[in-house]
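Residue-level listing of the chains:
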There are 2 protein chains.
Amino acid sequence: MPTEPNQTGEGAPRKVLALAGGVGGAKLALGLARILPPERLTIVVNTGDDEEFHGLHVSPDLDTMTYTLSGWYNQETGWGVAGDSFETLAVLKRLGADAWFNLGDRDFAMHIRRTELLRRGMTLSEVTAELTGRLGIEHPIVPMSDQPVRTVLETDAGTLSMQEYFVKHRAVPAVRWIRYAGAENAQPSPGFAGALESADAIVFCPSNPHLSVAPILAIPGVRDAISGHTGCRIAVSPIVGGDAVRGPAGKIMGELGAEVSAVGVAREYRGLCNVLVVDTQDAALADAIAAEGIAPAVTGTIMQTDDDKIALAREVMGLAERAGFPLSRE
Amino acid sequence: MPTEPNQTGEGAPRKVLALAGGVGGAKLALGLARILPPERLTIVVNTGDDEEFHGLHVSPDLDTMTYTLSGWYNQETGWGVAGDSFETLAVLKRLGADAWFNLGDRDFAMHIRRTELLRRGMTLSEVTAELTGRLGIEHPIVPMSDQPVRTVLETDAGTLSMQEYFVKHRAVPAVRWIRYAGAENAQPSPGFAGALESADAIVFCPSNPHLSVAPILAIPGVRDAISGHTGCRIAVSPIVGGDAVRGPAGKIMGELGAEVSAVGVAREYRGLCNVLVVDTQDAALADAIAAEGIAPAVTGTIMQTDDDKIALAREVMGLAERAGFPLSRE
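Please read all numbers here as calculations on a predicted model, not as lab measurements.

Visitor: Can you walk me through the sheet that holds strand β2 (residues 41-45) of chain B in this structure?
Guide: Sheet strands pair via backbone hydrogen bonds, and the direction of the pair is either parallel or antiparallel. Residue and element names in this part refer to chain B. What the seven strands build is an open sheet, ordered β5-β2-β1-β9-β10-β13-β14; its pairing is parallel. Of all strands in the sheet, those with a lone pairing partner are β5 (141-143) and β14 (295-299), marking the two edges. Ignoring strand direction, the axes of neighbouring strands in this sheet form an average angle of 25°. Examined bridge by bridge, strand β13 (residues 275-279) and β14 share five bridges and lie parallel to one another. Among the inter-strand pairings, L276 is bridged to a residue of β14, identified as P296. Of the strands in this sheet, β1 (16-20), β2 and β5 touch helix α7 (residues 190-198), which is tilted by about 130° from β1.

What follows is the structure, encoded as structure tokens:
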């Protein structure tokens, strides 16, 4: 993966902790990985969406991140591996398995291997390091916790896991409240805990605040560690022009009574970040964001090409530099 | 599956228990399944070759039998599912898994589903009934035991599992002795035990005596039950013209000091069966077989087409009828 060590100068943050969920988060993480060397970036990924399918441990956000950084990601479908086939799933259906969650043949290999290594006693962190390393990814992709935390949605269609809500029910049911089962007994993974201590800047990637970032914040100690962090903390709004760029983030924010806008995102992250990057479409919201105690930064945030992802990552790193926070511990 | 109830008359055995391993056994079992209705045939299959790959429970002989009876079997390769692809295995290799055992994408679905159901607490018998039923197989395919029995070969290349010997080492190492680990603590599966009690005839399919049939006989009580069985017990020799029709049966018999011929097979099955069916090539061995206390029967035993399999099955059932053993318990 090409890195450009000269891109970030004297004042740039030495170590960056990126918090991410799936698709949107992985896009910015890819940009960051292209401009920061592995030792300066830790990507911490939500595992609240993890679920067992066919007895196999599936980690949708870890996989989206892994496939994105390895170049395997299927940009057309928005999930899984590009060009994957579905022979295994077709037979599983034939054998009576409940196969509403799409899993391709190559994708299955990830879940089979992950499950095997977990059953051998490795932690999810160790397994993730092994799998991503095998695919040539040099930047650390770290699960938020090695203990299970499961996002549970109470909806007008009943209690649903994240994947049941998102895939089986196509995000249609109205969400009444969300809980993060197991969070109270979870700890930040070693890689996450280390990054929380050593990071000079924290980046909230443009992921769903309730479904991707909130599970990370629900782990005991994480919210306080980020609130009290003295480095630059920058969020990129996943809400652009009154709705999520992708996925149900806007719908859920509305159902939970929040304003579906970058201002609503600012309120979610109040006390957690210093800067909120919003899209040029939302320039008019700058004052309202500032009123929440967060400095607005306006730039193009829609990432379609890899160049878009790199450009936004550069912008975010530039903001961290200009923010004038104590960026180096040296 | 077409059955021909008129094919077997008044004196034919009411209930048949077929003992089988993989490929050769499955061929005769297919023939039997084509001429006997499901309630008159129980196919008991060796599970001594079972092994865990990638954390999944693989049952090679059960699968060969299942694929053969469902029409899924890959006749060209002699293993797996016809037309299968290998995407999952390719990625598993990439992920660092030891992938010397070929598993196709459709095949993987069987192992994934089997493993899931076993982990839920179902027995291997229950799982096998579920999987075969889903594939439309009406005849009971029954594992020899629900407890693990593992065929272990002591060879000049070290201690090997059956699949390590057969696939990884291509059956090259010389076999010094064979043991059936766990057999002492195993019981016949409920379907096997029931068939041992109710069968009017027992058929030893043309499977490897040491690697396919011996594990079945190693389960406590089985050898005695078959020895003492008063019905007709017919074996079909897997050795034709001085070697196995397929696989290492002949090589192993020789290495273990046995005569590699239908006479050697007769010695393996002495006291266990009344009739040994040998190929026309081996007609000259009839007297030597009779000298072992087993009635020889000579016919064509090479099964290439389904018609061959049905013809041999008819021959075997006719022998049972003519043997004049107490064929009915009514």
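Having seen the model, we can carry on.
Visitor: I would appreciate a short explanation of the environment of D107 of chain A in the present structure.
Guide: Residues and elements named next belong to chain A. Here D107 is to be found in helix α4 (residues 105-119). Residues D107 and E76, spaced 31 residues apart in sequence, show a C-alpha to C-alpha distance of 16 Å. If we skip the residues at most four places from it in the chain, D107 touches D63, Y67, G80, V81, D84 and N102.

Visitor: Can you walk me through the interface of chain A and chain B in this structure?
Guide: Note: interface size is frequently given as the accessible area lost on complex formation between the parts. Each partner contributes to the interface: chain A provides 26 residues, whereas chain B provides 26 residues. Summing both partners gives a buried area of about 2,500 Å² for chain A against chain B, and 64% of it is carried by carbon and sulfur. Sorting the residues of chain A by area buried against chain B places R94, L95 and I112 of chain A first, and these three jointly supply 25% of that buried surface. Seen at the junction of chain A and chain B, the total is two salt bridges. Residues R106 of chain A and E87 of chain B are paired through a salt bridge, measuring 3.0 Å at the closest nitrogen-oxygen approach. Counting across the chain A and chain B interface gives six residue pairs in polar contact (both at pLDDT 80 or more). Secondary-structure elements contributing two or more residues to the side of chain A that touches chain B are α3 (87-94), α4 and α5 (124-134) of chain A. The element best represented in the side of chain A that touches chain B is α4 of chain A, accounting for nine residues.

Visitor: Teacher, can you tell me more about the side chain of S161 of chain A here?
Guide: Mapped onto the fold, S161 of chain A is located in strand β7 (residues 158-161). Not counting chain neighbours up to four residues away, the residues in contact with S161 of chain A comprise E51, T151 and L153 of chain A.

Visitor: Would you mind showing me how to read helix α1 (residues 23-35) of chain A here?
Guide: Since the α-helix turns once every 3.6 residues, residues separated by three or four places project in the same direction. Residue and element names in this part refer to chain A. The terminal C-alpha atoms of α1 lie 19 Å apart, and with 13 residues this matches the ideal 18 Å at 1.5 Å per residue to within 8%. Burial within α1 is extensive, with ten of its 13 residues counted as buried. The complete set of buried residues in α1 reads V23, G25, A26, L28, A29, L30, G31, L32, A33 and I35. Buried residues in α1 make contact with β1 (16-20), β2 (41-45), α2 (60-70), β9 (201-204), β10 (232-236) and α13 (306-322).

Visitor: For this particular structure, what's the right way to read the pairing of strand β6 (residues 150-155) of chain B?
Guide: A regular strand places its side chains on the two faces of the sheet in alternate fashion. Residue and element names in this part refer to chain B. Most of β6 is tucked away, with five of its six residues classed as buried. Taken together, the six bridges between β6 and strand β8 (residues 175-181) define a ladder with antiparallel strand orientation. Looking at the pairing, R150 lines up with A181 of β8. Sheet topology note: the β6/strand β7 (residues 158-161) ladder contains four bridges and is antiparallel. Following the sheet pairing, V152 is matched in β7 by S161. What sits between β6 and β7 in their antiparallel hairpin is a turn of two residues.

Visitor: Would you mind showing me how to read the relation of the copies chain A and chain B here?
Guide: Note on the chain copies: they are related by a rotation about an axis and a translation along it. Superposing chain A onto chain B takes a rotation of 180° combined with a translation of 0.0 Å along the rotation axis, leaving an RMSD of 0.0 Å. One copy is carried onto the other by what is essentially a two-fold rotation axis. Minimal C-alpha separation from the rotation axis in chain A is found for D105 of chain A, amounting to 3.2 Å. Here 100% of the interface residues in chain A have copies in chain B that are interface residues too; the copies meet face to matching face.

Visitor: Please clarify how α3 of chain A should be interpreted in this entry.
Guide: All names here are of chain A. All of the buried residues along α3 are T88, L89, V91 and L92. Axial view of α3: buried residues confined to an arc of 165°, hence all on one face. Among the residues trailing α3, G96 stands out with phi positive, at a value near 95°.

Visitor: What am I meant to see in the pattern of salt bridges here?
Guide: Pairing of side chains with opposite charge becomes possible as their charged atoms draw close. All names here are of chain B. For the coordinates displayed, the defined rule picks out 25 salt bridges over all chains. Measuring nitrogen to oxygen at the nearest pair gives 3.1 Å for the salt bridge that ties R113 to E116. With R113 and E116 both in helix α4 (residues 105-119), this residue pair falls three residues apart, about one helical turn. Close ionic contact of E292 with R270 constitutes a salt bridge, the shortest N to O distance being 2.4 Å. Pair noted here: E292 is in the loop between α12 (286-290) and β14 and R270 is in the loop between α11 (262-268) and β13, with a separation of 22 residues, a long-range link. On the basis of relative accessibility, which here comes to 13%, the residue E292 falls in the buried class.

Rules used in this analysis
- Residues numbered from 1 in each chain as written.
- Chains lettered and ligands numbered in written order.
- Predicted model: local features only at pLDDT ≥ 70, side-chain atom pairs only at ≥ 80, totals over all residues.
- Heavy atoms only, no water.
- Pairing = 2+ DSSP bridges.
- Helix = DSSP H or I, 4+ residues; strand = E, 2+ residues; numbered from the N terminus.
- Axes fitted to C-alpha atoms, helices over the stretch in contact; angles between N-to-C directions.
- Contact = heavy atoms within 4.5 Å.
- Buried area = accessible area lost by both parts, 1.4 Å probe.
- Salt bridge = Lys/Arg side-chain N within 4 Å of Asp/Glu carboxyl O.
- Polar contact = N/O pair within 3.5 Å; in protein donor to acceptor, adjacent residues only side chain to side chain.
- Expected span 1.5 Å × (residues − 1).
- Buried < 20%, exposed > 50% of the residue type's maximum accessible area, 1.4 Å probe, protein only.
- Least-squares fit on C-alpha atoms with pLDDT ≥ 70 in both.
- Arc of directions from axis to C-beta.

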